[in-house]
Amino acid sequence: MRRWFPTALLLALVCIAAGRCLAAEATIVEVRKIWDAGQHNAFTDLVRFRDRWWCTFRESDAHVGGDGQMRVLTSTDGNQWESAALISEAGIGLRDPKFSITPDQRLMIAAGRSVYGGTKQLKGRQPRVMFSTDGRTWTSPQRVLTEGEWLWRVTWHDGKAYGVSYNHTPAPSGSTAAPVDPSQRAAEWALKLFQSDDGLNWNLLAPLKVPGRPNETTLRCLKTGEMMAMVRREASKLGGMI
(Lines give C-alpha, C1' and ligand atoms only; values in the text may rest on other atoms or scores of the structure.)
Protein backbone atom coordinates (compact mmCIF):
# COMPACT_ATOMS: atom_id res chain seq x y z
CA MET A 1 0.00 0.00 0.00
CA ARG A 2 1.41 3.39 -0.95
CA ARG A 3 1.16 6.41 1.29
CA TRP A 4 0.63 10.05 0.29
CA PHE A 5 2.32 13.12 1.75
CA PRO A 6 -0.17 16.01 2.00
CA THR A 7 1.37 19.38 1.18
CA ALA A 8 -0.93 20.91 3.77
CA LEU A 9 0.67 18.76 6.45
CA LEU A 10 4.16 19.86 5.42
CA LEU A 11 3.08 23.51 5.50
CA ALA A 12 1.49 22.98 8.90
CA LEU A 13 4.80 21.63 10.20
CA VAL A 14 6.56 24.77 9.00
CA CYS A 15 3.99 26.98 10.72
CA ILE A 16 4.24 25.09 13.98
CA ALA A 17 8.05 25.22 13.94
CA ALA A 18 7.91 28.97 13.38
CA GLY A 19 5.32 29.44 16.10
CA ARG A 20 3.04 31.28 13.67
CA CYS A 21 -0.11 29.19 13.87
CA LEU A 22 -2.06 27.01 16.27
CA ALA A 23 -3.50 23.58 15.57
CA ALA A 24 -7.00 24.89 16.22
CA GLU A 25 -6.59 27.43 13.40
CA ALA A 26 -5.16 25.03 10.81
CA THR A 27 -7.17 24.62 7.60
CA ILE A 28 -6.44 22.16 4.80
CA VAL A 29 -5.86 24.31 1.72
CA GLU A 30 -4.44 21.75 -0.67
CA VAL A 31 -3.26 18.14 -0.77
CA ARG A 32 -0.61 17.14 -3.27
CA LYS A 33 1.31 13.89 -3.59
CA ILE A 34 5.08 14.49 -3.72
CA TRP A 35 6.36 10.89 -3.70
CA ASP A 36 5.01 7.36 -4.08
CA ALA A 37 7.93 5.28 -5.38
CA GLY A 38 8.24 3.27 -2.17
CA GLN A 39 5.76 0.63 -1.01
CA HIS A 40 5.38 2.22 2.43
CA ASN A 41 6.46 5.86 2.82
CA ALA A 42 6.01 7.34 6.29
CA PHE A 43 7.33 9.47 9.17
CA THR A 44 8.24 12.70 7.38
CA ASP A 45 10.26 15.71 8.42
CA LEU A 46 10.79 19.03 6.66
CA VAL A 47 13.44 21.76 6.80
CA ARG A 48 14.56 24.87 4.87
CA PHE A 49 18.29 24.64 4.02
CA ARG A 50 20.39 26.55 1.48
CA ASP A 51 17.32 28.18 -0.11
CA ARG A 52 15.63 24.84 -0.74
CA TRP A 53 13.01 22.67 0.93
CA TRP A 54 14.20 19.27 2.14
CA CYS A 55 11.87 16.43 3.09
CA THR A 56 12.96 13.11 4.57
CA PHE A 57 11.05 9.95 5.46
CA ARG A 58 11.30 6.18 5.77
CA GLU A 59 10.79 3.80 2.86
CA SER A 60 10.05 0.16 3.67
CA ASP A 61 7.64 -2.71 3.06
CA ALA A 62 5.44 -1.92 6.06
CA HIS A 63 5.15 0.11 9.25
CA VAL A 64 7.04 -2.50 11.30
CA GLY A 65 9.86 -4.81 10.28
CA GLY A 66 12.14 -4.87 7.27
CA ASP A 67 15.33 -2.98 6.56
CA GLY A 68 13.86 0.47 6.08
CA GLN A 69 15.78 3.16 4.20
CA MET A 70 15.65 6.94 4.49
CA ARG A 71 14.72 8.95 1.43
CA VAL A 72 15.65 12.63 1.10
CA LEU A 73 13.69 14.81 -1.35
CA THR A 74 14.38 18.42 -2.28
CA SER A 75 12.47 21.23 -3.96
CA THR A 76 13.00 24.90 -4.72
CA ASP A 77 9.32 25.83 -4.61
CA GLY A 78 7.46 23.06 -2.73
CA ASN A 79 5.73 21.97 -5.95
CA GLN A 80 8.32 20.04 -7.95
CA TRP A 81 10.31 17.50 -5.91
CA GLU A 82 13.29 15.31 -6.76
CA SER A 83 15.12 12.57 -4.91
CA ALA A 84 18.41 13.81 -3.46
CA ALA A 85 19.55 10.75 -1.50
CA LEU A 86 18.61 7.28 -0.30
CA ILE A 87 20.35 6.31 2.94
CA SER A 88 20.59 2.71 4.09
CA GLU A 89 22.56 0.45 6.42
CA ALA A 90 22.96 -3.27 5.76
CA GLY A 91 20.79 -5.43 8.02
CA ILE A 92 19.37 -2.40 9.80
CA GLY A 93 15.96 -0.72 9.65
CA LEU A 94 16.40 3.04 9.66
CA ARG A 95 13.30 5.03 10.64
CA ASP A 96 11.87 8.33 11.92
CA PRO A 97 14.57 10.60 10.41
CA LYS A 98 14.60 14.13 11.83
CA PHE A 99 16.45 17.11 10.37
CA SER A 100 18.47 19.80 12.14
CA ILE A 101 21.06 22.34 10.96
CA THR A 102 24.43 22.42 12.73
CA PRO A 103 26.21 25.66 13.71
CA ASP A 104 28.67 25.18 10.83
CA GLN A 105 25.76 24.98 8.38
CA ARG A 106 25.61 21.27 7.72
CA LEU A 107 22.37 19.35 7.44
CA MET A 108 22.06 16.66 10.12
CA ILE A 109 19.69 13.70 10.38
CA ALA A 110 19.02 11.89 13.65
CA ALA A 111 17.22 8.60 13.16
CA GLY A 112 16.21 5.40 14.87
CA ARG A 113 17.97 2.16 14.05
CA SER A 114 15.92 -1.00 14.55
CA VAL A 115 16.91 -4.64 14.17
CA TYR A 116 14.15 -7.11 13.27
CA GLY A 117 16.19 -9.96 11.79
CA GLY A 118 13.56 -10.84 9.21
CA THR A 119 10.70 -10.79 11.72
CA LYS A 120 8.14 -8.28 12.98
CA GLN A 121 9.62 -8.48 16.47
CA LEU A 122 12.06 -5.79 17.61
CA LYS A 123 15.38 -7.34 18.62
CA GLY A 124 17.39 -4.20 19.31
CA ARG A 125 17.75 -0.50 18.60
CA GLN A 126 20.27 2.33 18.85
CA PRO A 127 20.16 5.88 17.40
CA ARG A 128 22.07 6.93 14.30
CA VAL A 129 23.23 10.35 13.06
CA MET A 130 24.60 11.48 9.69
CA PHE A 131 25.68 14.78 8.13
CA SER A 132 25.73 16.52 4.75
CA THR A 133 26.99 19.83 3.39
CA ASP A 134 24.70 19.76 0.36
CA GLY A 135 21.79 17.46 1.28
CA ARG A 136 22.80 14.95 -1.39
CA THR A 137 25.99 13.31 -0.16
CA TRP A 138 25.78 11.98 3.41
CA THR A 139 28.21 10.50 5.90
CA SER A 140 27.64 6.88 6.85
CA PRO A 141 25.13 6.43 9.71
CA GLN A 142 27.04 6.62 13.00
CA ARG A 143 25.94 5.14 16.31
CA VAL A 144 25.23 7.43 19.23
CA LEU A 145 24.13 6.84 22.85
CA THR A 146 23.69 3.18 23.86
CA GLU A 147 21.68 0.12 22.89
CA GLY A 148 17.99 0.51 23.68
CA GLU A 149 17.91 4.32 23.51
CA TRP A 150 15.88 6.34 21.00
CA LEU A 151 17.04 9.91 20.37
CA TRP A 152 13.89 11.36 18.85
CA ARG A 153 14.94 14.82 17.59
CA VAL A 154 17.96 17.15 17.87
CA THR A 155 17.68 20.88 18.55
CA TRP A 156 20.71 23.18 18.24
CA HIS A 157 20.97 26.24 20.51
CA ASP A 158 23.96 28.51 21.18
CA GLY A 159 26.32 26.11 19.43
CA LYS A 160 25.23 23.00 21.30
CA ALA A 161 22.92 20.13 20.40
CA TYR A 162 20.15 19.00 22.73
CA GLY A 163 17.94 15.96 22.48
CA VAL A 164 15.69 13.76 24.55
CA SER A 165 15.98 9.98 24.38
CA TYR A 166 13.51 7.42 25.68
CA ASN A 167 13.87 3.75 26.55
CA HIS A 168 10.85 1.65 27.43
CA THR A 169 12.53 -1.76 27.54
CA PRO A 170 15.07 -2.27 30.34
CA ALA A 171 18.02 -4.47 29.38
CA PRO A 172 18.36 -7.86 31.12
CA SER A 173 20.91 -8.09 33.90
CA GLY A 174 24.41 -8.36 32.48
CA SER A 175 23.31 -7.56 28.94
CA THR A 176 23.37 -4.45 26.75
CA ALA A 177 20.67 -5.75 24.40
CA ALA A 178 17.01 -4.90 24.83
CA PRO A 179 14.75 -7.89 25.59
CA VAL A 180 12.35 -8.94 22.89
CA ASP A 181 9.29 -9.87 24.98
CA PRO A 182 6.91 -6.84 25.17
CA SER A 183 5.77 -8.03 28.62
CA GLN A 184 9.19 -7.01 29.96
CA ARG A 185 8.59 -3.35 29.19
CA ALA A 186 8.80 -1.05 32.18
CA ALA A 187 5.57 0.42 33.53
CA GLU A 188 7.11 3.89 33.39
CA TRP A 189 9.45 4.59 30.51
CA ALA A 190 12.70 6.46 31.05
CA LEU A 191 13.10 9.92 29.49
CA LYS A 192 16.53 11.59 29.47
CA LEU A 193 17.88 14.95 28.33
CA PHE A 194 21.25 14.85 26.52
CA GLN A 195 23.66 17.52 25.26
CA SER A 196 26.41 17.39 22.62
CA ASP A 197 29.00 19.73 21.12
CA ASP A 198 29.19 17.90 17.79
CA GLY A 199 26.08 15.70 17.47
CA LEU A 200 28.20 12.57 17.92
CA ASN A 201 29.31 12.53 21.54
CA TRP A 202 26.47 13.02 24.01
CA ASN A 203 26.41 13.75 27.73
CA LEU A 204 23.47 13.07 30.01
CA LEU A 205 22.20 16.32 31.52
CA ALA A 206 19.24 15.08 33.52
CA PRO A 207 16.47 12.48 33.67
CA LEU A 208 13.04 13.97 32.97
CA LYS A 209 10.38 12.82 35.41
CA VAL A 210 7.35 12.65 33.14
CA PRO A 211 4.58 10.17 34.01
CA GLY A 212 2.41 8.26 31.57
CA ARG A 213 5.00 6.34 29.52
CA PRO A 214 6.64 9.35 27.80
CA ASN A 215 8.52 8.88 24.56
CA GLU A 216 8.84 11.07 21.40
CA THR A 217 10.00 14.52 22.53
CA THR A 218 10.75 17.77 20.70
CA LEU A 219 12.72 20.59 22.34
CA ARG A 220 12.38 24.29 21.59
CA CYS A 221 14.39 27.17 23.09
CA LEU A 222 12.47 30.32 24.01
CA LYS A 223 13.68 33.91 23.77
CA THR A 224 13.85 33.96 27.58
CA GLY A 225 16.58 31.32 27.46
CA GLU A 226 14.25 28.65 28.80
CA MET A 227 13.87 25.31 27.07
CA MET A 228 10.45 23.78 26.40
CA ALA A 229 9.83 20.06 25.84
CA MET A 230 6.79 18.75 23.97
CA VAL A 231 6.34 15.12 25.03
CA ARG A 232 4.15 12.41 23.58
CA ARG A 233 2.76 9.91 26.11
CA GLU A 234 1.51 6.38 25.53
CA ALA A 235 -0.59 5.87 28.68
CA SER A 236 -4.29 5.44 28.02
CA LYS A 237 -6.41 8.61 28.05
CA LEU A 238 -3.41 10.87 28.65
CA GLY A 239 -2.49 13.50 26.14
CA GLY A 240 0.91 14.99 25.47
CA MET A 241 2.72 17.17 27.99
CA ILE A 242 4.63 20.43 27.71
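Before going into details, it helps to say that this report is about the structure given with it. Just so you know, these numbers come straight off a predicted model, no measurement behind them.

Re the overall build of the protein chain
Working step 1: Broken down by element type, the protein chain carries one helix and 15 strands.
Working step 2: Out of the 242 residues in the protein chain, the part that is buried amounts to 45%.
Working step 3: Excluding contacts between residues fewer than 6 apart, the proportion of contacts in the protein chain whose partners are at least 24 apart in sequence is 46%.
Working step 4: For the protein chain, the exposed surface amounts to about 12600 Å²; the carbon and sulfur share of it is 52%.

What about the sheet that holds strand β11 (residues 160-167)?
Working step 1: Strand order across the open sheet formed by four strands is β10-β11-β12-β13, with antiparallel pairing between neighbours. The sheet terminates laterally at β10 (150-157) and β13 (202-207), the two strands that pair on one side only. Strand-to-strand twist across the sheet, computed as the mean angle between neighbouring axes with direction ignored, equals 25°.
Working step 2: Bridge count for β10 against β11 is six bridges, and the pairing is antiparallel. Within the sheet, the bridge partner assigned to L151 lies in β11 and is S165.

Thoughts on the sheet that holds strand β4 (residues 82-87)
Working step 1: The four strands lie next to each other as β1-β2-β3-β4, forming an open sheet whose pairing is antiparallel. The open sheet has two free edges, formed respectively by β1 (40-49) and β4, since each of these has just one partner strand. The sheet shows a mean angle of 25° between the axes of neighbouring strands, direction not considered.
Working step 2: Relative to strand β2 (residues 52-60), β1 runs antiparallel, the two sharing eight bridges. Counted as the bridge partner of N41 is E59 from β2.

Remarks on the side chain of S114
Working step 1: Inspection of the secondary structure puts S114 in strand β6 (residues 107-115).
Working step 2: The contact partners of S114, leaving out residues within four places of it in the chain, are I92, G93, R95, L122, G124, R125 and W150.

Digging into the nonpolar core
Working step 1: Counting 16 residues, the largest nonpolar core has W54, V72, I87, F99, I109 and W138 as the members making the most contacts within it.
Working step 2: Among the secondary structure elements, those contributing two or more residues to this core are β1, β3 (69-75), β4, β5 (93-101) and β6.
Working step 3: Among the nonpolar cores identified, the runner-up in size contains 12 residues, and V144, V154, A161 and W202 belong to it.

As for the pairing of β4
Working step 1: Pairing of β3 with β4 involves five bridges; the strand directions are antiparallel. Within β4, the residue paired with V72 across the bridge is A85.
Working step 2: Adjacent in sequence and paired antiparallel, β3 and β4 are bridged by six residues, among which G78 carries a positive phi angle near 80°.

Side note on the packing of aromatic side chains
Working step 1: Summed over all chains, the structure comprises two aromatic pairs.
Working step 2: Judged by centre distance (6.4 Å) and plane angle (65°), the ring pair of F49 and W54 falls under edge-to-face. Exposure class is identical for F49 and W54. Each is buried.
Working step 3: Seen in terms of ring centroids, W150 and Y166 are 6.2 Å apart; in terms of plane orientation they differ by 25°. Their pairing is stacked. One end of the pair, W150, is in strand β10; the other, Y166, is in strand β11, with 16 residues separating them in the sequence.
Working step 4: Given the relative accessible area of 7%, W150 is considered buried.
Working step 5: Owing to a relative accessible area of 7%, Y166 belongs among the buried residues under this scheme.
Working step 6: The lysine or arginine in question, K98, covers the ring of W152, its NZ or CZ lying 4.1 Å from the ring centre.

Quick notes on the rules
Residues numbered from 1 in each chain as written. Predicted model: local features only at pLDDT ≥ 70, side-chain atom pairs only at ≥ 80, totals over all residues. Heavy atoms only, no water. Helix = DSSP H or I, 4+ residues; strand = E, 2+ residues; numbered from the N terminus. Buried < 20%, exposed > 50% of the residue type's maximum accessible area, 1.4 Å probe, protein only. Contact = heavy atoms within 4.5 Å. Areas by Shrake-Rupley, 256 points an atom, 1.4 Å probe, with all protein chains shown as cover. Pairing = 2+ DSSP bridges. Axes fitted to C-alpha atoms, helices over the stretch in contact; angles between N-to-C directions. Core = buried A, V, L, I, M, F, W, Y, C linked by side-chain atoms within 4.5 Å. Phe/Tyr/Trp six-rings, centres within 6.5 Å; stacked < 30°, edge-to-face > 60°. Lys NZ or Arg CZ within 6 Å of the ring centre and 35° of its normal.

Structural measurements only, silent on function.
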